[in-house]
Each structure stands twice: as C-alpha cells, then as structure tokens.
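What follows is the residue order along each chain.
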Number of protein chains: 2
Amino acid sequence: MIVDIKQKSRLIHQRVSVSFNYEVYFTQNLFELKNPTLAQVISADEETKPKKVVAVIDAGILKYQPELVKQLVAYTKFYGEVLAIAAEPMIISGGEAAKNDRTLVEQIQQLIETAGLCRHSYVLAIGGGAVLDLVGYAAATAHRGIRLIRVPTTVLAQNDSGVGVKNGINAFGKKNFLGTFAPPYAVINDSAFLTTLDDRDWRSGIAEAVKVALIKDANFFDFIHSHSKALGRRDMDAMQQVIYRCAQLHLEHIANSGDPFEMGSSRPLDFGHWAAHKLEHLTNYRLRHGEAVAIGIALDSTYSYLAGLLDCSEWQRILNTLSALGFTLYVPELAQKLSQQEHPDCLFRGLTEFREHLGGELTLTLLKNIGKAIEVHEVNLLLYRQAISLLQEF
Amino acid sequence: MIVDIKQKSRLIHQRVSVSFNYEVYFTQNLFELKNPTLAQVISADEETKPKKVVAVIDAGILKYQPELVKQLVAYTKFYGEVLAIAAEPMIISGGEAAKNDRTLVEQIQQLIETAGLCRHSYVLAIGGGAVLDLVGYAAATAHRGIRLIRVPTTVLAQNDSGVGVKNGINAFGKKNFLGTFAPPYAVINDSAFLTTLDDRDWRSGIAEAVKVALIKDANFFDFIHSHSKALGRRDMDAMQQVIYRCAQLHLEHIANSGDPFEMGSSRPLDFGHWAAHKLEHLTNYRLRHGEAVAIGIALDSTYSYLAGLLDCSEWQRILNTLSALGFTLYVPELAQKLSQQEHPDCLFRGLTEFREHLGGELTLTLLKNIGKAIEVHEVNLLLYRQAISLLQEF
C-alpha cells in the first residue's frame, strides 16, 4: 500500500479549489429596529445563537450621526437572540491616515482576542474605504479569518472597494503594501449614510463609476454623462443607480475575470490608478482617492487619444463628463521632475511602483472606445508628457 | 440599460472561485549545481527572467550545513539566467520562539520591500515548521502575496505543515492567533536535510504520520508500526516512505475535504491537537510540537477507548506503537489544576481555546477504529481524567 518513492513519481501535484459566496445588500437605515437586514445576515449561518459581534466604526460618521453607537447597541438588544455585542465598539479616525498606522491593526486584533471571537463570529466594519481596508486586514489575519461584514458609508466604498475581495494598509511608504485577498462575509450598503457626506466625498466616489463604465459599459457611461447635473445637485435616486450598477460591474468582473486574487499581471479595474496612487502620495493625500482617480482617468484617456487608440470626440466627451461632475483634472504634481522618471517625486515613478505592486510585466489598461479597454505593456513617456500638457490647458 | 434599484432585487449574490495549484517535490541535495529542481520550478512560470528571489533561512540548519548560504549563492549564479538573489539571505533563529516575535514578520516584509520584490517574485523559506509559518505569513501579506517556495528541513515540516495551506505566528499568548490561508507556490522536500536533525526532531515529526494514519489509513499505520525500529535507528528509506505517504494523505485531505480554508467547524487533521497545543504552551515549549502531538494522540485514543468507540486491542496497539517510536506519553502538566477546567494552567482550558480557534461548535475528532475517525461535539471530562490516569500508569 505504501508508495515506493524510489519508483514512483517524485512529485505530487496539488490543486486546491475554494469558493467564497457573499451577498451585497442595498438598504436604508440599517440600524433602525424595523430593518432586519443585519439580523437576517447573521441568522442565516444556521449556527448556535446569539453570535458574537465586534464593531469598528469610522469616527467620521459619528460627527454626523452621533447616535450611531447607541442605535447599534439598541439594535443588538432588539435582535438579542441572534447577535450579541462582545465588546465596546471601537472608534477609529478614518481617511487614508488610518491606513498608515500599523498599531491600529494590532489594536483591532487585540480587541478580537479579548472579546473571545472565533472564526464563526463577526466583525462589523462601518466606515469609508480606508477603515474597511484596515479592519478587513485585521479581521482576515486574526484566527486566520474572522467573518467580516462591511458597512461602507461612502460612495467610493459602496460602489468599489467595499464590495471587493481585498484589504490592506500602507507600509514602508507604499500604498496597500500589506494586505490579503479575503472576500467579506457580507456587504450592506446603506444609502442613508450618503446624505452625511460632504460634497467632495459625495463626488469623489463617482470617479470609480466613470472608470468601470469606460472600460466595461458605454451605456452606463451615457447614464453618468446625462445625469452629471443631477449627481452634482446630490440627487439620491441617480446616485443609487450609479452605485448599484458600478458595484454590479465590479462584482461581475471579480467573479468572471478568471483571476479574482490577481495572480496574473492584468488588472483592468486599475484603469487610471497607476497615476492616481502616485498622485495621492505626491499630494500628501490632499487629493482624495476618487479625486486622484478622476485625474488618472483623464490622463490615461488623453494618452489613449494621443496614442491613436481613442478617437478625439470620445476623448473630449470623457474629459467633459469628468469636468461636469465637478472634478479638477490637473494638479501641479503631475508635471514635477518629469525629466527624472525614477525620481520619487516624479509621476512616472508611479509606473514602476504600479508594476512592482501588481507583479510581472507592466500591464496598463487604456481605452480603445468608451466601454472598451485595451492592454499595453509599454508606454511612451513623451506622449505622457504631452498628455499632461493637454490636461493643464483643458 | 440601467437597473432600476427600486424595482429590482435589493441584493447581488457574489460567488468567487479560486484555484491554487502547486507541486510538492521530493529531491535530495537541492542546492547542488547538478540538481535543477529549484531552477525548473522558477523557469516554469514562463515570465521574463531572471526572477528575483529572497531567501530566509533557519539558523538551526546552518549549524550543520554552514556552507548552505555559499551553496545557495553559487546555485543562483549557476542558474543566473533563471533566478537572481535580490538581497542577502536573512538568517533567523528557528523553533517556536520565532513565532512569538512579531517584529520578525516586519523584518521579512521590510526585506521584501527593500529588495523590490513584486507579486511574481519568490520568497524561498528554508527551515523547520516555525520558520516556514512565520516567513509564509510575511510573504502572504506583502503586496497581498509574494510567491512562496517552501523548503522544509524537518520531518514535521516535510510531511505536515510544510505541504499545507496555512501560515501563522503566535500572538496575545495564543498559538497561531495571526495568520492566513495561503497555498505555497511550490514545496521542495530535500531528504538530505533530515540527516542533520537531532534524534528528537527526527522522531518528533513521525507523530503527524501516526496521526494521519490513525484517521485515514490503517495500512499506513501498520507500515509505521512494523517499521518503528527502523525509524528509531534512523533508516532513511523507511523515513522517506513515511514522509511521502503522510504528505500525500495531508494533501489529499486538503484537496478533497471540501473546506480547504476551514470555514466550517470540522478539522480531522487536528486529531490530538487540542491537547498538543495546550501542552506546548503549558510546558513552555519544553515539548516540541510532534512530542506534544504524540501525547495528544495517546490521550484522545485512550479517551476513544474509554468512551466505547475504540476497542481495547487497537487502543493498546496505538500506545505501543507510539512508545516503540520513542515517544513519552505522559507529562505532569496533563494532570495539573484538573478540577478548574477554565484555569489557564488546566489542560481542559485547551478545549475552549481549540473551539475558539476553529470557530463554531466544539468539534473533536476521535477514533472508531485505526484508520477511521469520528467526530463528537461534547466531551465527558471525567472520562478524560481517567484517560490521563491511564497514560500516567502506562
């Protein structure tokens, strides 16, 4: 019965297949007692109840909803047969700065440990993308993975990062240097949180919708284009449609790309992002992520036009739409140190960092048409300098 | 074209499927120039060469193979078209203590960053299980996952942890509290390393083979039983067969269990491990992992017998085999504070910790026969106390 290793093959091939399933809910006023969504999500695990829950909340929300913690506690009492708060909710300052602080990850891991959570317990992360990324990283590594329920509170988080399979923090001066691929247990998008956003955060997240429309869905781009005024005056109905469709396109891409954990070099959802990531850093995060993405989209669309891929009218339509949405398409940091392409303060250094983060060959997504992406593995920096000049003039 | 969120379903169901493939190689003298295994593994990725490699080496090996670093460097020069060392190899003290030092993880992440590794580069981890777990955790989180090639150098690592899909470190006084599920890129088992092990480490790893035989394969148990003397006198041929079959059974279980990332509560491969983990901690790691596992197996086999699951002759056969292999089956820490079951120094507290780590309902694997496991969700502590007494007498 024992294999004779001398005679048999000297290797064993292993194939491990894993399936992750999760729902993305769209609701309103999640913590009102009459809203059963959260309780139903936890109920559905068919395990012994009540389940332990630990909540981590973005301080930014509490400014506008100071009653949130009280509401959450009341909610868990009301649905006490299903869930039980296992520790005082932890409040953390949101925004990108949170992702620079490694000790926050340790504090959340410590909270999970002290509260005695197990792998079948729940971490409830309520906040913007940075808080979700940070809490997600802590939850994914404690006990090799506590169930994470994300409650994204910004446009950006609801239509993009909050529905995806990644988490992470910044380290050694590099964005998202540490993190894992870890699908959430569930995502609950509550549109009521959007009313509390300031205008910049309301607008900022639309950039990811423009991005996914440009690479995947011309009709969706038309919708955004024709609703740019409504979106600008904070029309909630238009925004909900933008968020739903954007989330759907992201989810479809992750499910069907064949590479959800990004083991290859292709990553079309990062259209416009090489420059965006670098600009966030170069502006010391004066630009919010979506604002930087809007510039990145404008830059790579302009480059696509200059490279002869995208026709002039479509290029102009893209810039006009971004502009109508209220995005600024030029910052001086685009043009600094351009002759020293590997200088840390030069935008082009972002290409190297992007390649390094994705791994393998440089793979940039550009546009062939609105709704149709194309990949290239080489870039012409002279054309990029022209593109930057065009943005400055625009 | 836009979905009207008011009318359509209020949720999107997401399913993400991921497949991981890796080979486990069995070879000898990996870093001899004429051994192409490692170069072939890296060659096979079909990407632009040479690929960057960073090596982390268990200091324990260098005591017996002081030339290893030199050999590795010579190897990478010889196969320079395929791979290039991107930083001086990092040497770390192995053994369980390494897993208690969180700063080591940060040092490895820093090394990966400084060397400019991308997600398609390689981290080569050479050492015992603790070093592989620690390096694996650092590699899995840097850039959300650098390719990891494990070179396990102990029996335990070659037949068990080194071929699996987990990594981790200890934190907050809990074993493997932090970690991820992250299949390696490849595993290379080099039997030459086994000749350098001390007798305790040579023996220790056999405990995992006994474990997997007991729950999966009676014939394999017979093989171990009939070769216990040969194994004791360090017969390499017998050991290679034990390692191959044990690795194979582990790999089959991971691939076919339906739950490779342990999202449920069942974990048969942890037979004997609830007590083993606790005993390692209670003895301040005086017991090595395999030695603790041998006691855990003896304890849960005895309990299986007392609970009427396992017949007397099979029970005795198990204890005699473990004993013939040279394992001690009793330590005083088994019997301390037994009347205070939740006391941190009481063995029975290990049941709570085990449940908490796995999550969900307590799920213990016991034996129905040699080669046939059974799961229970409740235990009788009085029977466990009897089992401990029986081990003391044995």
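What counts, and where the lines are drawn
- Residues numbered from 1 in each chain as written.
- Chains lettered and ligands numbered in written order.
- Predicted model: local features only at pLDDT ≥ 70, side-chain atom pairs only at ≥ 80, totals over all residues.
- Heavy atoms only, no water.
- Helix = DSSP H or I, 4+ residues; strand = E, 2+ residues; numbered from the N terminus.
- Rg over C-alpha atoms; globule rule 2.2 N^0.38 Å.
- Buried < 20%, exposed > 50% of the residue type's maximum accessible area, 1.4 Å probe, protein only.
- Contact = heavy atoms within 4.5 Å.
- Areas by Shrake-Rupley, 256 points an atom, 1.4 Å probe, with all protein chains shown as cover.
- Lys, Arg positive; Asp, Glu negative; His and termini not counted.
- Charge placed at Lys NZ, Arg CZ, Asp CG, Glu CD.
- Buried area = accessible area lost by both parts, 1.4 Å probe.
- Salt bridge = Lys/Arg side-chain N within 4 Å of Asp/Glu carboxyl O.
- Polar contact = N/O pair within 3.5 Å; in protein donor to acceptor, adjacent residues only side chain to side chain.
- Expected span 1.5 Å × (residues − 1).
- Domains from an automatic or database assignment.
- Least-squares fit on C-alpha atoms with pLDDT ≥ 70 in both.
- UniProt positions renumbered as here; feature names shortened; annotations may be inferred.
- Phe/Tyr/Trp six-rings, centres within 6.5 Å; stacked < 30°, edge-to-face > 60°.
- Axes fitted to C-alpha atoms, helices over the stretch in contact; angles between N-to-C directions.
- Parallel < 35°, antiparallel > 145°, perpendicular 65-115°, else oblique.
- Nonpolar A, V, L, I, M, F, W, Y, C, P; charged D, E, K, R; others polar.

Of regular secondary structure, chain A possesses 16 helices and 11 strands. Its C-alpha radius of gyration of 22 Å places chain A within 12% of the 21 Å reference for a compact globule of 394 residues. When its C-alpha atoms are laid out on the principal axes, chain A stretches across 70 × 60 × 35 Å. Split into buried and exposed, the 394 residues of chain A put 62% on the buried side. In chain A, the share of contacts with a sequence separation of at least 24, taken over all contacts with a separation of at least 6, comes to 76%. Of the roughly 14,300 Å² that chain A leaves accessible, carbon and sulfur atoms contribute 49%. In chain A, which carries 39 positive and 43 negative side-chain charges, the distance between the mean positions of the two groups comes to 4 Å.

On to the interface of chain A and chain B, then. Every contact between the two is made by 79 residues of chain A and, on the other side, 79 residues of chain B. Where chain A abuts chain B, roughly 8,000 Å² becomes buried across the two surfaces, and 55% of that area is made up of carbon and sulfur atoms. There are six salt bridges connecting chain A and chain B. Note that B:Glu106 and A:Arg102 form a salt bridge whose closest N and O atoms lie 3.4 Å from each other. Counting across the interface, chain A meets chain B through 39 residue pairs in polar contact (both at pLDDT 80 or more).

It is worth spelling out helix 13 (residues 289-306) of chain A at this point. Residue pairs spaced three or four apart in an α-helix point in one direction, given the helix's 3.6 residues per turn. Between its first and last C-alpha, helix 13 of chain A extends 25 Å over 18 residues, near the 26 Å set by a 1.5 Å rise per residue. A:Gly308 occupies a position one or two residues after helix 13 of chain A and carries a positive phi of about 85 degrees.

Quick look at the domain arrangement of chain A now. Residue and element names in this part refer to chain A. One can read the domain layout of chain A as domain 1 (23-197) and domain 2 (201-393). Its C-alpha centre places domain 1 at a distance of 28 Å from the equivalent point of domain 2. Counting only elements with at least two residues in the side of domain 1 that touches domain 2, the list comes to strand 1 (11-27), helix 6 (155-159) and strand 8 (174-178). In terms of residue count, helix 6 provides more of the side of domain 1 that touches domain 2 than any other element does, four residues in total.

This paragraph deals with the relation of the copies chain A and chain B. Expressed as a screw operation, the relation of chain A to chain B combines 0.0 Å of axial shift with a rotation of 180 degrees, fitting to an RMSD of 0.0 Å. The superposition of one copy onto the other is thereby described by a two-fold rotation axis. Residue A:Val18, judged by its C-alpha, is the member of chain A lying nearest the rotation axis, at 2.7 Å. An overlap of 100% is found between the interface residues of chain A and their copies at the interface of chain B, pointing to a shared contact surface.

The next subject is the UniProt feature "domain: 3-dehydroquinate synthase C-terminal" (unreviewed entry) in chain A. Mapped onto the present numbering, the UniProt feature "domain: 3-dehydroquinate synthase C-terminal" (unreviewed entry) falls at residues 205-332 of chain A. Annotation note: span residues 205-332 of chain A, helix share 68%, strand share 0%, distance between end C-alpha atoms 22 Å.

The next point concerns unusual backbone geometry. A cis amide bond, omega -5 degrees, links A:Lys49 with the succeeding residue A:Pro50. Within the secondary structure, A:Pro50 is located in the loop between helix 1 (37-43) and strand 2 (51-58). Positive phi values are uncommon outside glycine, yet A:His143 reaches one of about 50 degrees. Residue position: A:His143 is located in the loop between helix 5 (129-141) and strand 6 (147-152). A:His143 gets classed as buried once you look at its relative accessible area, which sits at 2%. One non-glycine residue, B:Asn29, adopts positive backbone phi at about 55 degrees. With respect to the element layout, B:Asn29 can be found in the loop between strand 1 (11-27) and helix 1 (37-43).

This paragraph deals with the pattern of salt bridges. Counted according to the given criterion, the structure contains 58 salt bridges over all chains. The closest approach of N and O atoms between B:Glu47 and B:Lys51, which form a salt bridge, is 2.5 Å. For B:Glu47, a relative accessible area of 23% puts it in the partly exposed group. Several salt bridges share partner residues, and in doing so they unite A:Asp45, A:Glu47, A:Lys49, A:Lys51 and A:Arg147 into one network.

So, on to the packing of aromatic side chains. Enumeration according to the criterion identifies 26 aromatic pairs over all chains in this entry. Each ring, one from B:Phe31 and one from B:Tyr75, has its centre 5.9 Å from the other, and the planes form 85 degrees; the classification is edge-to-face. Placement of B:Phe31 in the loop between strand 1 and helix 1 and of B:Tyr75 in helix 3 (residues 68-78) is noted, with a sequence separation of 44 residues between them. Since its relative accessible area comes to 0%, B:Tyr75 is described here as buried. Taken together through their ring pairs, the aromatic side chains of A:Phe20, A:Phe181, A:Phe261, B:Phe20, B:Phe181 and B:Phe261 make up a single cluster.

Another aspect to go through is the packing of helix 8 (residues 206-216) of chain A against helix 13 of chain A. The description of two packed helices rests on the angle between their axes and on the distance between the axes. Residue and element names in this part refer to chain A. Two elements in contact, helix 8 and helix 13, have axes separated by 8 Å at closest approach and are oriented at 30 degrees. By the criterion of interaxial angle, the relationship of helix 8 to helix 13 is roughly parallel. Judged by residue contacts, Ala 207, Glu 208, Val 210, Lys 211 and Leu 214 of helix 8 engage His 289, Gly 290, Val 293, Ala 294, Ile 297 and Ser 301 from helix 13. For the contact of helix 8 with helix 13, a count of residues per class yields six nonpolar, three polar and two charged.

All names here are of chain A. Take Thr 37: it is sitting in helix 1. Look at Thr 37 and you get buried, because its relative accessible area is 11%. Not counting residues up to four positions away in its chain, the partners in contact with Thr 37 are Tyr 25, Thr 27, Leu 30, Tyr 75 and Ile 188.

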